[in-house]
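# Chain and residue survey
One letter stands for each residue in the lines below.
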Amino acid sequence: MASSAQLAFSPIDLHMHSLASDGTLTPTALVSRAHGAGVRVMALTDHDNTGGLAEAERAATALEMTLIRGVEISSVWHDQGIHIVGLFIDPDDQVLQAGLARVMAFRDWRAEEISRLLAGQGIADAAAGARNMAGSPMVGRTHFARWLVRQGHCGDPAEAFARYLGRGCPAYVPSDWIPMPEAVAWIRHAGGVAVLAHPGRYKLSGTQLRALLTEFRAEGGAGLEVSSGSQAAGDREHLGRLAKELEMAGSLGSDFHGPDMGHAAIGRLLPLPDGVLPIWQRAGVTFP
């Protein structure tokens with residue numbers, strides 16, 4: 001993961017999370033923080049819901065910022081969990097919202113199942129605790145991890161995943177996410193462009209990553225995050241080459257979740273490599 005000290009500044013940041021998913025700031029506070037950091041074009045891309053967009057848009061308008069309407073959909077490709085960012089979406093699109101409702105329903109079921117498994121480990125009322133930590137309808141494993149830390153069961157979120165929530169652990173619940181072609185189709189139906197989030201984070205060989213990107217492009221995927229705050233800075237050149245070879249656009253985003261969440265600070269991003277088409281140009285958008 002890239003540290004802020006390694007990175008340059010970008011006034012465009014197209015991947016952030018608020019309290020509407022697993023971020024720690026309200027949409028208004030997130031926009032204010034982005035503005036204070038010098039970002040002038042930002043996307044709110046909360047996990048599997050668009051509940052924070054209206055508030056974020058009001059805050060951005062007041063600060064004369066450009067707010068890109070986005071979402072990050074939990075998906076799967078050949079048993080590999082992946083995340084797909086949708087940018088420039090219409091959040092009122094019924095196909096998109098029906099799809100996101102399916103994902104949220106699974107999240108609700110999974111939360112209760114995680115809670116049941118934690119109860120078997122002597123840790124009661126975990127679902128209620130995680131929901132209180134979330135402060136919004138979307139509950140994820142990150143909220144359980146934070147609650148486990150707050151209750152003194154673990155020293156930090158990493159320990160919570162290592163002891164209870166990660167694959168092979170006592171409270172791990174396999175994820176039944178949306179197949180990649182479906183997620184891309186929802187985004188496109190909503191008028192958006194689909195971007196493969198932080199491809200450098202997936203444990204894929206070079207051959208597998210190329211296959212994923214090739215299939216993603218064939219299904220209508222428009223681009224990939226070439227510069228991301230949640231993958232190694234050294235991945236940028238390789239991903240830039242792949243984007244050019246596969247004629248895909250490049251995106252960039254901090255994947256900011258909160259001031260103390262470990263990812264790069266807002267706007268602290270390496271620029272897209274020369275010759276990589278920016279995703280906003282692929283979408284036909286020009287920023288002031």
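Just so it is clear, the structure is predicted and the values come from calculations on it, not from any experiment.

With that settled, the discussion passes to the confidence of the model for the protein chain. Mean pLDDT over the protein chain stands at 94; residues scoring 70 or higher make up 97%. Throughout residues 1–5 the model reports pLDDT below 50, and contacts reaching past four residues in sequence, or to other chains, amount to 16 contacts.

Turning our eyes to something else, we now look at the packing of aromatic side chains. Summed over the entire model, instances satisfying the criterion amount to 3 aromatic pairs. Measuring from centroid to centroid gives 5.1 Å for phenylalanine 106 and tryptophan 177, while their planes differ by 80°, and the two rings are edge-to-face. Of this pair, phenylalanine 106 sits in helix α3 (residues 94–119) while tryptophan 177 sits in the loop between α6 (157–165) and β5 (178–179), and the two are 71 residues apart along the sequence. You can call tryptophan 177 buried: its relative accessible area is 15%. Connected via pairs of aromatic rings, a cluster forms that spans Phe106, Trp109 and Trp177.

Moving on, we get to the pairing of strand β6 (residues 193–196). Here β6 shows a buried face lined by Val193 and Val195 and a second buried face lined by Ala194 and Leu196. Both strand β4 (residues 80–87) and β6 contribute to a ladder of 4 bridges, which runs antiparallel. Considered in β6, the bridge of leucine 87 is made with valine 193. As judged from the 2 bridges shared by β6 and strand β7 (residues 223–228), these two strands associate in the parallel manner. Looking across to β7, one finds that valine 195 is bridged to glycine 223. The parallel pair β6 and β7, bridged by helix α8 (residues 206–218), forms a crossover whose chirality is right-handed.

Turning next to the packing of α3 against helix α7 (residues 180–189). Contact geometry of α3 with α7 gives a least axis separation of 8 Å together with a crossing angle of 145°. Here α3 contributes Val95, Leu96, Gly99, Leu100, Arg102 and Val103 to the contact with α7, which in turn contributes Glu182, Trp186 and His189. Taken together, the residues that form the contact of α3 with α7 break down as 5 nonpolar, 2 polar and 2 charged.

Two side chains of opposite charge can pair, provided their charged atoms sit close to one another. The final tally for this structure, using the stated rule, is 11 salt bridges. Between arginine 102 and glutamate 182 there is a salt bridge whose closest N-O contact spans 2.9 Å. Separated by 80 residues along the polypeptide, arginine 102 in helix α3 and glutamate 182 in helix α7 bring together distant segments of the chain. Of the charged contacts, one joins arginine 217 and glutamate 247 as a salt bridge, the two residues approaching to 3.4 Å between their closest N and O atoms. Taken together, the positions of arginine 217 in helix α8 and glutamate 247 in the loop between α9 (235–245) and β8 (249–253) put the pair 30 residues apart, joining distant regions of the chain. For arginine 217, a relative accessible area of 39% gives the class partly exposed.

Time to look at α6. Among the residues of α6, Ala160, Tyr164 and Leu165 are the ones counted as buried. Taken down its axis, α6 places every buried residue within 60° of arc, on the same side. With respect to the buried face of α6, the exposed residues turned more than 90 degrees away are Ala158 and Ala162. Buried residues along α6 sit against α3 and α5 (141–150).

Rules behind the numbers
- Residues numbered from 1 in each chain as written.
- Predicted model: local features only at pLDDT ≥ 70, side-chain atom pairs only at ≥ 80, totals over all residues.
- Heavy atoms only, no water.
- pLDDT = per-residue confidence, 0-100.
- Contact = heavy atoms within 4.5 Å.
- Phe/Tyr/Trp six-rings, centres within 6.5 Å; stacked < 30°, edge-to-face > 60°.
- Helix = DSSP H or I, 4+ residues; strand = E, 2+ residues; numbered from the N terminus.
- Buried < 20%, exposed > 50% of the residue type's maximum accessible area, 1.4 Å probe, protein only.
- Pairing = 2+ DSSP bridges.
- Right-handed = clockwise from strand over helix to strand, strands pointing away.
- Axes fitted to C-alpha atoms, helices over the stretch in contact; angles between N-to-C directions.
- Nonpolar A, V, L, I, M, F, W, Y, C, P; charged D, E, K, R; others polar.
- Salt bridge = Lys/Arg side-chain N within 4 Å of Asp/Glu carboxyl O.
- Arc of directions from axis to C-beta.

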